[in-house]
Amino acid sequence: MTAIGRSDPGVLELLDAAGTCPGVELHLAEAHDGGGHLDALVVGGGPAGATAANKLARPGASLLVCANATFPRFHIGESLLPTNIPLLQELGVEEEIHSAGSVTKHGAEVISADGEARTAIYFRQAMCPLPETTVQVERATFDDILLRAAGKAGAEVREGTLVKSCVREGDYWKVLLE
């Protein structure tokens, strides 16, 4: 686990796994509502960052998510696979994603560039146990739902926060936020 401390305004110091950083008091009243210490810093609030933050926060880890963008943000749509559904259930967002107007998909069709060859793939015919359907999501909505779920799970989320640099200084990392 990693901890974060504040020294100068806008600078967070990530401590090493042992939590050692001589001479640095861990006061994060401005940076983190819980104050004192963070277990992790997640850089990026897209699907990967929001999922990592959600999974880390659920067992009680204190963490900060820094997302450069402000959500919702435009992205091209996303076609999910059935293997994503159990993770969406675990994150507690499956129903919200369905309610947000996502299109249910039962399979896919692959067509050659010249249109001559076609193959239909139905998820219910998978060789391993998978959900029989999945969804096509509007990416901006999908990303926003995932990031909000990370916050509900206990992560502190800062949108419009750029991680400018990460520099190792002795036993800790100094991270500059903007």
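Here the structure is a predicted model, which means the values were calculated and not measured. (Residues numbered from 1 in each chain as written. Predicted model: local features only at pLDDT ≥ 70, side-chain atom pairs only at ≥ 80, totals over all residues. Heavy atoms only, no water.)

Asks: Teacher, can you tell me more about the overall build of the protein chain here?
Replies: If you tally the helices and strands in the protein chain, you get four helices and 12 strands. Residues classed as buried in the protein chain amount to 38% of the 178 residues present. The long-range share in the protein chain, meaning contacts at least 24 apart out of those at least 6 apart in sequence, stands at 63%. Element-wise, carbon and sulfur atoms account for 54% of the exposed surface of the protein chain, whose accessible area totals about 9,800 Å². (Helix = DSSP H or I, 4+ residues; strand = E, 2+ residues; numbered from the N terminus. Buried < 20%, exposed > 50% of the residue type's maximum accessible area, 1.4 Å probe, protein only. Contact = heavy atoms within 4.5 Å. Areas by Shrake-Rupley, 256 points an atom, 1.4 Å probe, with all protein chains shown as cover.)

Asks: Explain the environment of Val163 here, please?
Replies: Relative to the assigned elements, Val163 resides in strand E11 (residues 163-169). Considered as a pair, Val163 and Glu178 are 15 residues apart in the sequence and their alpha carbons are 6.4 Å apart. Apart from the residues within four sequence positions on either side, Val163 is in contact with Val43, Cys66, Val175, Leu176 and Leu177.

Asks: Would you mind going over the sheet that holds strand E4 (residues 63-67) with me for this structure?
Replies: Remark on secondary structure: sheet strands pair via backbone hydrogen bonds, oriented parallel or antiparallel. Taken in spatial order, the three strands make up an open sheet running E3-E4-E10, and their pairing is parallel. The two strands at the open ends of the sheet, each matched to only one other strand, are strand E3 (40-43) and strand E10 (156-159). The sheet shows a mean angle of 15° between the axes of neighbouring strands, direction not considered. (Pairing = 2+ DSSP bridges. Axes fitted to C-alpha atoms, helices over the stretch in contact; angles between N-to-C directions.)

Asks: For this particular structure, what's the right way to read the nonpolar core?
Replies: For soluble globular proteins, nonpolar side chains are generally found buried alongside one another. By size, the foremost hydrophobic cluster in this structure holds 25 residues, and its most contacted members are Leu63, Leu88, Val93 and Ile97. Mapped by element, the contributors of at least two residues to this core are E3, helix H1 (47-57), E4, helix H2 (85-91), strand E9 (134-137) and helix H4 (139-153). Setting aside chain neighbours within four positions, we find Leu88 in contact with Leu80, Val93, Glu94, Ile97, Phe142 and Leu146. (Core = buried A, V, L, I, M, F, W, Y, C linked by side-chain atoms within 4.5 Å.)

Asks: What am I meant to see in the pairing of E9 here?
Replies: Looking down a regular strand, the side chains alternate between one sheet face and the other. Judged from the two bridges that link them, strand E5 (residues 78-79) and E9 form a sheet pairing that is antiparallel. Note that in E9 the partner of Ser79 across the bridge is Gln136. As paired elements, strand E6 (residues 103-105) and E9 share three bridges and run antiparallel to each other. From the neighbouring strand, Thr104 faces E9, where its bridge partner is Val135.

Asks: Help me understand the packing of H1 against H4, please; the structure alone is not making it clear to me.
Replies: For the pair H1 and H4, the least separation of the axes is 8 Å and the interaxial angle reads 20°. For the element pair H1 / H4, the angle class is roughly parallel. Where H1 crosses over H4, the two elements pack in a sense that is left-handed. Note on element contacts: H4 touches H1 through Arg139, Phe142, Asp143, Leu146, Leu147, Ala149, Ala150 and Ala153, opposite Pro47, Ala50, Thr51, Ala53, Asn54 and Ala57. (Parallel < 35°, antiparallel > 145°, perpendicular 65-115°, else oblique. Left-handed = near helix turned anticlockwise from the far one by under 90°.)

Asks: Sorry if this is basic, but what is going on with H4 here?
Replies: Residues spaced three or four apart along an α-helix face the same direction, because each turn holds 3.6 residues. Between its terminal C-alpha atoms H4 stretches 21 Å, which fits the 21 Å expected from 15 residues at 1.5 Å a residue. Looking only at H4, the buried set comprises Arg139, Ala140, Phe142, Asp143, Asp144, Ile145, Leu146, Leu147, Ala149 and Ala150. Residue Gly154 follows H4 closely and has a positive phi angle near 125°. (Expected span 1.5 Å × (residues − 1).)

Asks: Could you clarify how one ought to interpret H1 in this entry?
Replies: All buried positions along H1 are accounted for by Gly49, Ala50, Thr51, Ala53, Asn54 and Ala57. Turning to H1, the residues buried within the fold contact E3, E4, H2 and H4.

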